[in-house]
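Read off the chains here:
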Amino acid sequence: MQITANKVATITYILKDNDGTLIDQADKESPFAFILGNGSIIPGLETALEGKSAGDKINVTIEPADGYGDRHDDMIQIMSKDMFEGVEEVTPGMQFHAQTGEGMSVVTVTAVEDDQVTIDGNHPLAGVTLNFDVDVLEVRDPTEEELDHGHVHGPGGHNH
Ligand code: ZN
């Protein structure tokens, strides 16, 4: 069976940036399962996996435009520490949910200097070229419940 729209695929992967630094991975003990075509994975990976079958291995380089988008400097802001009332200590790397012009999004604290806090609303992988090494473990039809929920149940998916 091939991976086409609305099929469930279970994969393992290794994701590295262009410097060879490991960004993320899913191994056989904790594979990743998704339904193709419903936006649960980035467009570049959907395109690369379409038509593949169990046992196939792919190696694909995905540019930011087909990944998490480009970085936008205007999503970097400097705020006063007063805005973080209730947070005991604001340190680089902390993430907050914030209301932005494009709705709720996750912002990351990138610097703290005196009473100024620099936050970055870009996705952490925005602007990053992604190098995926993927093994396709299984391709199957979704259950009606999975289609209904829009995600996979069981190994690699939701357990609820
Ligand atoms: Zn569900």
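No experiment lies behind these values; they were computed from the predicted model shown.

Thresholds, definitions, all that
- Residues numbered from 1 in each chain as written.
- Predicted model: local features only at pLDDT ≥ 70, side-chain atom pairs only at ≥ 80, totals over all residues.
- Heavy atoms only, no water.
- Phe/Tyr/Trp six-rings, centres within 6.5 Å; stacked < 30°, edge-to-face > 60°.
- Helix = DSSP H or I, 4+ residues; strand = E, 2+ residues; numbered from the N terminus.
- Core = buried A, V, L, I, M, F, W, Y, C linked by side-chain atoms within 4.5 Å.
- Buried < 20%, exposed > 50% of the residue type's maximum accessible area, 1.4 Å probe, protein only.
- Contact = heavy atoms within 4.5 Å.
- Patch = residues over 30% accessible without salt bridge, like charges linked within 9 Å, V, L, I, M, F, W, Y side chains within 5 Å.
- Areas by Shrake-Rupley, 256 points an atom, 1.4 Å probe, with all protein chains shown as cover.
- Salt bridge = Lys/Arg side-chain N within 4 Å of Asp/Glu carboxyl O.
- Lys, Arg positive; Asp, Glu negative; His and termini not counted.
- Charge placed at Lys NZ, Arg CZ, Asp CG, Glu CD.
- 1 Å grid on protein atoms, 1.4 Å probe; cavity = no way out; pocket = protein on both sides within 12 Å on 5 of 7 lines; lining within 4 Å.
- Points joined across faces, edges and corners; volume = space filled by probe spheres on them.
- Nonpolar A, V, L, I, M, F, W, Y, C, P; charged D, E, K, R; others polar.
- Polar contact = N/O pair within 3.5 Å; in protein donor to acceptor, adjacent residues only side chain to side chain.
- Domains from an automatic or database assignment.
- Donors = N, O, S within 2.8 Å, 3.2 Å for Na, K, Ca; no water.
- Tetrahedral: all angles 85-135°; square planar, octahedral: opposite > 155°, others 65-115°.

Caption draft 1: Main features of the packing of aromatic side chains. A full pass over the atoms with the stated rule returns four aromatic pairs. For the ring pair Tyr-13 and Phe-132, a centre distance of 5.8 Å and an interplane angle of 65° mean the geometry is edge-to-face. Residue Tyr-13 is found in strand S1 (residues 8-16), and its partner Phe-132 is found in strand S9 (residues 130-140); the two are separated by 119 residues along the sequence. Put simply, the rings of Tyr-13, Phe-32, Phe-34 and Phe-132 touch in pairs and so form one group of aromatic residues.

Caption draft 2: The nonpolar core, seen in detail. In this structure, Leu-45, Leu-49, Leu-130, Phe-132 and Val-134 are the most contacted members of the largest nonpolar core, which totals 23 residues. Counting only elements with at least two residues in this core, the list comes to S1, helix H1 (43-49), strand S4 (57-62) and S9. When residues in this core are grouped by element, the largest group, five residues, is from S9. When neighbours within four sequence positions are excluded, Leu-49 is seen to be in contact with Ile-3, Ile-11, Phe-34, Ile-41, Ile-58, Val-134 and Val-136. One finds Phe-84, Val-107, Val-109 and Val-117 within the second-largest nonpolar core, a separate group that totals nine residues.

Caption draft 3: Representation of a negative patch on the surface within the structure. Taken together, the side chains of Asp-82, Glu-85, Glu-113, Asp-114 and Asp-115 define an acidic patch exposed on the protein surface. Its place among the elements puts Asp-115 in the loop between strand S7 (103-113) and strand S8 (116-120).

Caption draft 4: Here's a closer look at the layout of surface pockets. Looking at the second largest pocket, its volume works out to about 210 Å³. Lining the second largest pocket are 13 residues, and of these Tyr-13, Asp-24, Leu-45, Tyr-68 and Phe-132 sit closest to its centre. Contributions of two or more residues to the lining of the second largest pocket are made by S1 and strand S2 (22-26). Of the residues assigned to the lining of the second largest pocket, the class counts are ten nonpolar, two polar and one charged.

Caption draft 5: Structural detail: the environment of Gln-95. Looking at the secondary structure, you find Gln-95 in strand S6 (residues 95-100). With a relative accessible area of 47%, Gln-95 lands in the partly exposed category. Within polar-contact distance, the side chain of Gln-95 engages the side chain of Thr-108 at 3.0 Å.

Caption draft 6: Quick look at the domain arrangement of the protein. Domain boundaries assigned for the protein yield domain 1 (8-68 + 126-149) and domain 2 (73-120). A straight line from the C-alpha centre of domain 1 to that of domain 2 covers 31 Å.

Caption draft 7: Representation of the pattern of salt bridges in the model. One pass over the structure, following the stated rule, counts four salt bridges. One salt bridge in this structure joins Asp-141 and Lys-7, with 2.6 Å as the shortest N-O distance. Of this pair, Asp-141 sits in the loop between S9 and helix H2 (144-149) while Lys-7 sits in the segment before S1; the two residues are 134 residues apart in sequence, bridging distant segments of the chain. With a relative accessible area of 42%, Asp-141 lands in the partly exposed category.

Caption draft 8: Quick look at the coordination of the zinc ion. Donor atoms from the polypeptide that coordinate the zinc ion comprise His-149 (ND1), His-151 (NE2), His-153 (NE2) and His-160 (NE2), at 1.9 to 2.2 Å from the metal. Considering all four donor atoms around the zinc ion, the spread of angles at the metal, 95 to 123°, places the coordination shape in the tetrahedral class. Motif for the zinc ion, donor spacing along one chain: H-x1-H-x1-H-x6-H.

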